[in-house]
Amino acid sequence: MLKKIIKYILVFTFAFSLIGCSGSNGDDKQYEEANKLVTEGKYKQAKKIYKEIKSYKDSKDRITDCDFLLAMEKSVVERMEEPDDADYSTLVDTELSYLEEFENKDFGNAKIESYYEDYIDGLNTQKDSLKEDLLYDSDYGWQEGRVQRFEALNGLYNDFNFLKNNKKFVANYIKDLDYEKKLLKAYENINSDIGAQFKGGDLPWNYEDNYMEATVKNNTNYTYDITYFVTYTTDGNSIISKDSYSETEIAPGMSYTIHLTAPDQDCNYEWEYQIDNVVVK
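Keep in mind that what you see is a predicted model, and the values were worked out from it rather than measured.

**Student:** Is there a simple way to explain the overall build of the chain in this structure?
**Tutor:** Scanning the chain for helices and strands turns up eight helices and six strands. Helices (α) and strands (β) of the chain occur, in sequence order from the N terminus, as α-α-α-α-α-α-α-α-β-β-β-β-β-β. Its C-alpha atoms give the chain a radius of gyration of 30 Å, more than 25% over the compact-globule value 19 Å for 281 residues. Taken along the three principal axes of its C-alpha coordinates, the chain extends 120 × 40 × 35 Å. A buried classification covers 38% of the 281 residues belonging to the chain. Put simply, 68% of the contacts in the chain that link residues at least 6 apart link residues at least 24 apart. Carbon and sulfur atoms provide 48% of the accessible area of the chain, an area that totals close to 16500 Å². Computed over 33 positive and 54 negative side-chain charges, the separation of the two mean positions in the chain equals 18 Å.

Structural data, given as structure tokens:
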């Protein structure tokens, strides 16, 4: 009798173990399938599976991954559809409104979370650039944020097939990354070159009764356009007048003379410049 009882207990335990494992294996297969779908850019399909097994492993956090990727798709596509003269502040604020909900959420995939953080950093860099007082600082900051955004989008594209079938996205964001990085470097080099020609904290201006002049040389490898702006003020900081000077297609090694009209009275001045149409190879 004792032997029969032991035999029945063993059989029952073995059967129970098989039944217990079957559900876990099924969830695991669904989980791996959902992970695969995310890397293929099929976020909606992946989300549907994660919701079916959201109590399994980190599926709940993986749902956040999918929600973010879907929000990013909508945000980026909408930004691409905006006209070239769209307000920069509105562009940034609109994208941030799509993505702000993920700020305090837990992601399942560390790479996706990293790309999210990098993209948000890029948007905030661009937002901060709009608050800069000087034109060059604003333009440089905007371009810096642009590169940060492009790099994050390239990561999503390469690792998770983000917008892989959107030809406009691939042309504007994926293929142009190298150009955008070179343009940022060009801004740095041109700015450093102009700064290196300062004497006593300013360009070597020649002052006359009704104008001021300074000669600058392009010691970089870039051809570019530039516009100088000057504002003349009283000691009380009241604006007397403004003037500007533009030079186009400044080739490497070329020198040019900035000529700015000045008021016929004692005054203070502040000047700045804006670089444009840089030829990047």
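Right, picking up where we left off after that structure.
**Student:** Is there a simple way to think about the packing of helix 3 (residues 59–80) against helix 4 (residues 88–99) in this case?
**Tutor:** Two measures define how a pair of helices packs: the angle their axes make with one another and the distance between the axes. It is the contact of helix 3 with helix 4, at a shortest axis distance of 9 Å, that shows an interaxial angle of 165 degrees. The angle between helix 3 and helix 4 falls in the class roughly antiparallel. When the axes of helix 3 and helix 4 are compared, the crossing they make is right-handed. Between helix 3 and helix 4, the residues in contact are Phe68, Ala71, Met72, Lys74, Ser75, Val76, Glu78 and Arg79 and Leu91, Thr94, Glu95, Tyr98 and Leu99, respectively. Counted by class, the contact of helix 3 with helix 4 contains seven nonpolar, two polar and four charged residues.

**Student:** Would you mind showing me how to read the pattern of salt bridges here?
**Tutor:** Charged atoms that come close allow side chains of opposite charge to pair. Taken as a whole, this structure holds 15 salt bridges when the rule is applied. Where Glu188 meets Lys185, a salt bridge forms, and the shortest distance between an N and an O atom there is 3.8 Å. One end of the pair is Glu188 and the other is Lys185, both in helix 8 (residues 177–196) and three residues apart, which spans about a single turn. Take Glu188: its relative accessible area is 26%, and that puts it in the partly exposed class. Overall, Lys185 belongs to the partly exposed group, its relative accessible area being 43%. Residues joined in a network through salt bridges with shared partners are Lys36, Glu40 and Lys42.

**Student:** What am I meant to see in the sheet that holds strand 1 (residues 206–207) here?
**Tutor:** Note on sheets: strands pair through backbone hydrogen bonds, and any given pair is parallel or antiparallel. In spatial order, the strands read 1-2-5; together these three strands make up an open sheet with antiparallel pairing. Looking at which strands have only one partner, the edges of the open sheet turn out to be strand 1 and strand 5 (255–261). Where strand 1 meets strand 2 (residues 211–217), two bridges bridge the pair, whose relative direction is antiparallel. Its bridge partner lying in strand 2, Asn206 is registered against Glu213.

**Student:** Please explain the layout of surface pockets as it appears in this structure.
**Tutor:** Approximately 810 Å³ is the volume found for the largest pocket. Lining the largest pocket are 28 residues, and of these Asp84, Tyr88, Trp142, Arg146 and Glu180 lie nearest its centre. Sorting the residues of the lining of the largest pocket by element identifies helix 3, helix 4, helix 6 (135–160), helix 7 (167–174), helix 8 and strand 6 (268–276) as the ones contributing at least two each. In terms of residues, the lining of the largest pocket owes the most to one element, helix 6, which gives seven residues. For the lining of the largest pocket, the per-class residue count stands at 13 nonpolar, six polar and nine charged. Looking at the second largest pocket, the residues that line it are Leu134, Tyr136, Asp137, Asn191, Phe198, Gly201, Trp271, Glu272 and Tyr273. Contributing elements (two or more residues each) for the lining of the second largest pocket: helix 6 and strand 6. Here the lining of the second largest pocket gets three residues from one element, more than from any other, and that element is strand 6.

**Student:** Please clarify how the packing of aromatic side chains should be interpreted in this entry.
**Tutor:** In this description, an aromatic ring pair is defined by two values, namely the gap between the centres and the angle between the planes. According to the stated counting rule, one finds 20 aromatic pairs in the structure shown. Relative to Phe102, the ring of Phe68 lies with its centre 5.8 Å away and its plane at 80 degrees, an arrangement referred to as edge-to-face. Here Phe68, found in helix 3, pairs with Phe102, found in the loop between helix 4 and helix 5 (110–129); they are 34 residues apart in sequence, far enough to count as distant. Phe102 carries the same exposure label as Phe68, and that label is buried. Residues Tyr228 and Tyr256 carry aromatic rings whose centres are separated by 6.2 Å and whose planes lie at 45 degrees to one another, so their mutual orientation is tilted. In this pair, Tyr228 is assigned in strand 3 (residues 224–233) and Tyr256 in strand 5, connecting sequence segments 28 residues apart. Tyr256 shares its class with Tyr228; the two are buried. Here a set of aromatic residues connected by ring pairs shows up, and it is made of Tyr136, Tyr140, Phe198, Trp205, Tyr228, Tyr256, Trp271 and Tyr273.

Criteria and cut-off values
Residues numbered from 1 in each chain as written. Predicted model: local features only at pLDDT ≥ 70, side-chain atom pairs only at ≥ 80, totals over all residues. Heavy atoms only, no water. Helix = DSSP H or I, 4+ residues; strand = E, 2+ residues; numbered from the N terminus. Rg over C-alpha atoms; globule rule 2.2 N^0.38 Å. Buried < 20%, exposed > 50% of the residue type's maximum accessible area, 1.4 Å probe, protein only. Contact = heavy atoms within 4.5 Å. Areas by Shrake-Rupley, 256 points an atom, 1.4 Å probe, with all protein chains shown as cover. Lys, Arg positive; Asp, Glu negative; His and termini not counted. Charge placed at Lys NZ, Arg CZ, Asp CG, Glu CD. Axes fitted to C-alpha atoms, helices over the stretch in contact; angles between N-to-C directions. Parallel < 35°, antiparallel > 145°, perpendicular 65-115°, else oblique. Left-handed = near helix turned anticlockwise from the far one by under 90°. Nonpolar A, V, L, I, M, F, W, Y, C, P; charged D, E, K, R; others polar. Salt bridge = Lys/Arg side-chain N within 4 Å of Asp/Glu carboxyl O. Pairing = 2+ DSSP bridges. 1 Å grid on protein atoms, 1.4 Å probe; cavity = no way out; pocket = protein on both sides within 12 Å on 5 of 7 lines; lining within 4 Å. Points joined across faces, edges and corners; volume = space filled by probe spheres on them. Phe/Tyr/Trp six-rings, centres within 6.5 Å; stacked < 30°, edge-to-face > 60°.

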